[in-house]
Structures are given as C-alpha cells and as structure tokens.
Amino acid sequence: MSVEQGELHKDKESENFGVQAETRDIFTEDSLDPVYRAKAKILNDALQEIGMGKYQWYLFLVAGFGWLSDNLWPIVTGLILTPVVNEFNVLGPWLKLAQNIGLLVGAAFWGVSSDVWGRRWAFNITLGMTGVFAIAAGGSMNYVALCSLTAMWSVGVGGNLPVDSAVFLEFIPASHQYLLTVLSVWWAFGQLLGSLVAWPLIANYSCPTTIPASPCPRSSNEGWRYFLFTMGGLMMFLWVIRFFVFNLYESPKYLMGRGRDEQAVEVVHKVAAYNGKTSNLTLEDLQRAGKLADVAVDNNVLMDTSALAAVRRKMGMFSNNHVKSLFATRKMAWSTTILIILWAFIGLAFPLYNSFVTYFLATRGANFGDSSTYITYRNQVILSVIGIPGALMAGYFVELPYLGRRGTLAIFTVLTGVFILASTTARTSNALLGWNCGYSYTSNVMYGVLYALSPELFPTKDRGTGNAIVATANRIFGVMAPIIALYANLTTSVPIWISGAIFIVSGFIALLLPFEPRGRASL
C-alpha cells in the first residue's frame, strides 16, 4: 500500500460521513470484502445514531412470532404423538421424520431465497404457510395424510429462524444486538403455549394409553385434531398481524449488498421518521465509503452496481458465490465450519431427547405408578415454564465481560448434557421432573445464544445463505433422530446417554469459535 493510499485509509477510519455515531465491527480487517465492510459500517453507524425506537420494538414483537413458531411446532408433533399412534396404530417416529424433512427443505429454501429475492417476502409468507397446512392436517383421515401435511407445514416453520434472525439483526443498533438473544424468550413461550393448550384438549379428549394398546376410534380421540385446529388458527392470526398490520421495510444492508445504495439510504430515513427522529445519512456517504475502501487496497474491488451486475446477482442462487464468501478467508472458513458442526450435533441431540420426552415421561411414569395423560401434560407445562427465565437470562449472560456469547454457549451446552445424563439416575417421577427442569433451563439459554450468535457471525450479504447452511445441517442431523428411534428401544436410557454426550462435546467445540461479537456491530 502506498503512502498516499495509507493516508486515504487513515482518513477513512476517522471520517464520520455525517453520521453522528460510531460502532466497532465483529470481523477483522481481512475477513470481508473491504467495500462491503466500509458501507456496512456506515449503515451500522446510521442505525446506532437513530437508536432503538418504536420500529425496532414492533419488529421485536413480530419477529418473535417466528421464534415462537420454531419451537411450538416440533413440540406439537411431540404432544400429538401418543394419541396419533393410539388412533392409527402406527410407528410414531415416521411423523417426526416427515417433520424433520420438511424443516430441512424449509431451512435451505427460505434462507437462500432471502439472499436472492430479499427478506420481506420470506418473512411474510412462512407463518401463513404453516397455519394453512396445520389446519388441513387436523382433518387428516389417515396417517399418510397427516405425515404429508406435517412435512408441508414444517417447510414454513423451517424458514422462520434463518429469515427472522437476519431481518431483526439488520435493523437494530449495535448497542441492542443482545436483544437477538432475548428474542429466544418467544421460543420458550412457544413451548409453554403448546403445552398449555394441549393439556386440556389432549388430556380430556383422547383415548387412554394402555399396554398392550387397545382400540382407539376417532370419535374418542378428537383432542389432537382440536389442538391442530387451534394452533393452525393462531398461526393465521399472527400472519395477519405481520402481513396487514406491520409494514416491514426491506433490509438496508441487504439492499446495499445488492448494489441498491439509494434504496438503502431511503429505508434508513423511513425507520428514523417512524421513530420520530432524523438521520444524517446520505447517498454520498455510502458512495464515498466504498471509494475510500477501494483505494485502500491494491486491487480493484469496487462493487458493480450496473443492471447487468444486478441480473448476475439475481442468478446467484444458481451459483455458489454466497457459499464461497462464507469461506473466503481462513478465519471466516473456521468460524463457518465450527457453526455448522455445532448446529449439526445439536440438531441430532435435541430431537433425540426432546421430541420423545412426552413418551419417555409417560413410560417412566408407568414405572413410577403415575402415567396418566393429565400428569404427563402437567409435567410438560412445568418444563415449559422453567424455560422462560432461561431465555431471559441468556440476554444477560452474553453481555458479561470474559463470558460473552462464546463462553455462555459453551457453559450452558455442557450443562444441558449434564442434566440429560443425570436424568437417567431418577428413581421417582419427581426426581425425573427435577432433572428435566434443569435441562429445560440450560437448553433455553443455550438455544438463545446459538440462535443469536450465528447470524451475528455471518455478513449481511450472505447471512441468509449462512443461516440456511447451519439450519440445513441442523435439520439433516435432525432427520437422523427419528430414524434412530425407529430401530431403538425408546423405553431404555440409551438415546438419553447419546444425546447428553453430544451436548457435552458440542460445548467444548463452541470454545473454538474465532470471533466474539460482544460489544461489536454485526456486518
């Protein structure tokens, strides 16, 4: 780099570009395209200048619907599993397999499409798709129809987190990025809501579980259908709020990454006006930042904003450019690889235990002499309530010095595994419930951090793809869980031991992440 270029680079670092706020980046200098990095920093500063206002708090609410849905629907299939098996006299894991295949397709499709066509449409469609197919599933005449419709509603569910986390992160100021972790409180509420609604419906309108199984006609087993109608209706109501009540602007960082700087600036000013404030950001600020970054490097990396380039970017879904960017440098490649491994391992461990926890509690309750449907669903509600403070505390832990995102994730992932292993020592129903309460708390902290950390560590222009990759890895390994269950004896502790061990190993892997986002702005 020449002396003249060095001076320009120094000027760039000290330049405020009219925006009266400054943020620090997560990534190191050599981790991203310098032009993109410079423009993203200007947008971060502009959002920090606006601050956390009415628009972002409304977005916290409607983005939370996605978190709620993401945890609610896997819980739904677990809650209806017993009455469905009793009615159709089938193997339960096939329902979980159908669900995980749908989640896999949804994670891959919606995450990548949000990088190609934008965040808005994916954000607005997923909840409605889930609701329509869930209501239809309530009228299923046979097990094949139910599994097929479960796979379809799960395609919608699979897109929630990859898209919603990107949308929320790209609108909040750096000072409030911890709220991405706090959003997991909606995840905990999803579990609680499902358990609370299922408790009276399934407990009062289902055939009793008997060993060996006894005949269970539909007329005596309508509870799980009422439950699907209710939850599907809720999704349609939340979709109406998202689509007709809240007006989501397209992400300014997404627009900038697509070469649409003028529209990105326009969105920032719209958000500022919505919050009753003004922004000093101008189109010239973004263009000047890009030019300075271009001069500061030896080769020409100026972003092409021509119509032809826009067409090429639209065709990006047919290439691997977004994927390559996630492995562009050694540190980025290491970070992406570790995240994929974490999501994959947890994707196997979590459904191995949680998806069949209702069945496990029922069979263990039979051994302890209290296997009634009422007790089983009561315990599920208790576990759901315990998870809520875990989700809230996650937002506190990630901001602690020396702990941050990485340390919190490592500690609580290991603790999740420890509580799972400890549950196998239970000799009474209350002891088992106690260990599961510990698991519920720590796993909610773990997921809160993981769901926030991942999008923070992906640059905006590739965030949808990055989220899609880790979510897809999570779902692929999730598909393995019901396959294992088809050939394993679920009444033994073997699946529990496997699940606990995977969580503990994943906790130590989390320490290998090269970036710590605490106190820094995502790009």
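One can find the structure itself at the top, above this paragraph.
Reading the values: rules and limits
In this convention, every chain numbers its residues from 1, walking through the sequence in written order. Per-residue local features of the predicted model are confined to residues with pLDDT of at least 70, and side-chain atom pairs are confined, for both listing and counting, to 80 or more; whole-chain, interface and lining totals are unaffected and use all residues. In computing side-chain properties, one takes all heavy atoms of the structure into account and sets aside hydrogens as well as water. A helix here means a DSSP run of H or I that spans at least four residues, while a strand means a run of E at least two residues long, and both kinds are numbered starting from the N terminus. Burial classification: accessible surface area is computed with a 1.4 Å probe over protein chains only, and a residue below 20% of its type maximum counts as buried, one above 50% as exposed, and the rest as partly exposed. Here a residue-residue contact requires only that any non-hydrogen atoms of the pair lie within 4.5 Å. Whenever a helix is involved, its axis is fitted only over the stretch in contact; in every case the axis is a line through C-alpha atoms, and angles between N-to-C directions fall within 0 to 180 degrees. Note on convention: near helix rotated counterclockwise from far helix by under a right angle means a left-handed crossing. Clockwise means right-handed. In the scheme used here, Gly and all other residues not listed as nonpolar or charged are polar, with Ala, Val, Leu, Ile, Met, Phe, Trp, Tyr, Cys and Pro taken as nonpolar and Asp, Glu, Lys and Arg as charged. A patch consists of residues whose relative accessible area exceeds 30% and which take part in no salt bridge; residues with like charges are grouped when within 9 Å of each other, and nonpolar side chains (Val, Leu, Ile, Met, Phe, Trp, Tyr) when within 5 Å. Surface accessibility in these figures is a Shrake-Rupley result with a 1.4 Å probe; residues are shielded only by whichever protein chains are displayed. Salt bridge, as used here, is a side-chain nitrogen of Lys or Arg placed within 4 Å of a carboxyl oxygen of Asp or Glu. Here, two cysteine sulfur atoms that lie within 2.5 Å of each other are counted as a disulfide. In this scheme, a helix's expected span is set at 1.5 Å multiplied by one less than its residue total. Among buried residues, the Ala, Val, Leu, Ile, Met, Phe, Trp, Tyr and Cys ones that are joined through side-chain atoms within 4.5 Å form a nonpolar core. Convention used here: angles under 35 degrees read as roughly parallel, angles over 145 as roughly antiparallel, angles from 65 to 115 as roughly perpendicular, and any remaining angle as oblique. Two aromatic rings, drawn from Phe, Tyr or Trp (for Trp, its six-membered ring), form a pair once their centres lie within 6.5 Å of each other, and the interplanar angle then sorts them: stacked below 30 degrees, edge-to-face above 60, tilted otherwise. Note on criteria: charge over ring means Lys NZ or Arg CZ within 6 Å of the ring centre, with the direction from the centre no more than 35 degrees off the ring normal.

*Asks:* Where do I start with the overall build of the protein in this structure?
*Replies:* Scanning the protein from terminus to terminus reveals 22 helices and 0 strands. Counting over 523 residues, the protein shows a buried share of 60%. For the protein, long-range pairs separated by at least 24 residues make up 84% of all intrachain contacts whose partners lie at least 6 apart in sequence.

*Asks:* Please clarify how the packing of helix α9 (residues 184-204) against helix α10 (residues 223-245) should be interpreted in this entry.
*Replies:* In helix packing, the relevant descriptors are the interaxial angle and the interaxial distance, both defined with respect to the helix axes. Their axes nearest at 9 Å, the elements α9 and α10 cross at an angle of 145°. Here α9 runs over α10; the crossing is right-handed. Across from Leu193, Gly194, Val197, Ala198, Leu201 and Ile202 in α9, the residues of α10 making contact are Gly223, Trp224, Tyr226, Phe227, Thr230, Met231 and Leu234. Among the residues forming the contact of α9 with α10, the class breakdown is 10 nonpolar, 3 polar and no charged.

*Asks:* Got a minute to help me understand the side chain of Asn444 in this structure?
*Replies:* Tracing the backbone shows Asn444 in helix α20 (residues 429-456). Once residues lying within four places of it in the same chain are set aside, the contact partners of Asn444 are Ser184, Trp187, Ala188, Gln191, Gly387, Gly390 and Ala391.

*Asks:* Quick question: what am I supposed to make of the environment of Gly190 here?
*Replies:* When you line up the elements, Gly190 lands in helix α9. For the pair Gly190 and Trp67, spaced 123 residues apart in the sequence, the C-alpha separation amounts to 7.5 Å. If near-sequence neighbours (up to four positions away) are discounted, Gly190 is found in contact with Leu68 and Leu72.

*Asks:* Mind showing me how you'd approach a nonpolar patch on the surface here?
*Replies:* Side chains of Trp121, Ile125, Val240, Phe243, Phe244 and Val245 sit close together on the surface and give an oily, nonpolar patch of about 620 Å² of accessible area. Looking at the nonpolar patch, the elements with two or more residues in it are α5 (119-137) and α10. Ranked by residue count, the leading element in the nonpolar patch is α10, at 4 residues. In this structure, Phe244 sits in helix α10.

*Asks:* Explain the state of the cysteines to me, please; I cannot follow it from the model alone.
*Replies:* Two cysteines form a disulfide when their sulfur atoms are joined by a covalent bond. Overall, the coordinates contain 1 disulfide when judged by the stated rule. Covalently, Cys207 is tied to Cys216 through a disulfide, its sulfur atoms 2.1 Å apart. Taking the sign of the S-S torsion, about 95° here, the bridge from Cys207 to Cys216 comes out right-handed. Cys216 carries the same exposure label as Cys207, and that label is buried.

*Asks:* Looking at this structure, I do not really get helix α19 (residues 404-423). What am I missing?
*Replies:* Count 3.6 residues to each turn of an α-helix, and residues three or four apart come out pointing the same way. For α19, built from 20 residues, the straight-helix expectation of 28 Å at 1.5 Å per residue is met to within 8% by its first-to-last C-alpha distance of 29 Å. For α19, the tally of buried residues reaches 15 of 20 residues, placing the bulk of the element in the interior.

*Asks:* What am I meant to see in the nonpolar core here?
*Replies:* In summary, soluble globular proteins display a tendency toward joint burial of nonpolar side chains. Counting residues in hydrophobic clusters, the biggest one holds 127 residues, and the most contacted among them are Trp73 and Phe227. Not counting the four nearest positions on each side in its chain, Trp73 is found in contact with Gln99, Thr130, Ala134, Trp153, Val157, Leu228, Met231, Gly232 and Met235.

*Asks:* Can you help me understand the packing of helix α4 (residues 93-116) against helix α6 (residues 143-158) in this one?
*Replies:* Running from amino to carboxyl end, α4 crosses α6 at an angle of 30°, the nearest separation of the two axes being 6 Å. Between α4 and α6, the crossing angle belongs to the class labelled roughly parallel. For the pair α4 and α6, the crossing hand works out as right-handed. For the pair α4 and α6, the contacting residues are Trp94, Leu95, Ala98, Gln99, Gly102, Leu103, Val105, Gly106, Ala107 and Trp110 in the first and Tyr143, Leu146, Cys147, Thr150, Ala151, Ser154, Val155, Gly156, Val157 and Gly158 in the second. Grouping the constituent residues of the contact of α4 with α6 by class yields 13 nonpolar, 7 polar and no charged.

*Asks:* Can you help me understand the environment of Gly53 in this one?
*Replies:* Along the chain, Gly53 turns up in the loop between α2 (34-50) and α3 (54-88). Its relative accessible area of 14% is what places Gly53 among the buried residues. For Gly53 and Ile172, which are 119 residues apart along the polypeptide, the C-alpha to C-alpha distance reads 9.0 Å.

*Asks:* Explain the pattern of salt bridges to me, please; I cannot follow it from the model alone.
*Replies:* Tallied over the entire structure, the rule returns 12 salt bridges. Across the pair Asp164 and Arg242 runs a salt bridge whose closest N-O atoms are separated by 2.6 Å. Here Asp164, found in helix α7 (residues 160-169), pairs with Arg242, found in helix α10; they are 78 residues apart in sequence, far enough to count as distant. Both residues of the pair, Asp164 and Arg242, belong to the buried class. A salt bridge links Glu222 to Arg218; the nearest nitrogen and oxygen atoms lie 3.5 Å apart. The structure contains a network of salt bridges with shared partners spanning Glu87, Arg218, Glu222 and Arg225.

*Asks:* Any chance you could explain the packing of aromatic side chains here in plain terms?
*Replies:* The description of two aromatic rings rests on the distance between their centres and on the angle between their planes. Tallied over the entire structure, the rule returns 26 aromatic pairs. Pairing Phe243 with Phe244 gives two aromatic rings, centres 5.0 Å apart and planes at 70°, and the pair type is edge-to-face. Residue class for Phe243 comes out partly exposed when judged on its relative accessible area of 35%. For Phe244, a relative accessible area of 56% puts it in the exposed group. Ring pairs connect the aromatic residues Tyr55, Tyr58, Phe171, Phe246, Tyr249 and Tyr274, which therefore count as one cluster. Over the aromatic face of Tyr274 sits the side chain of Lys54, whose NZ or CZ is 5.2 Å from the ring centroid. Over the face of the ring belonging to Phe123 we find Arg242, whose NZ or CZ atom lies 3.8 Å from the ring centre.

The values reported here are purely geometric and, on their own, carry no functional implication.
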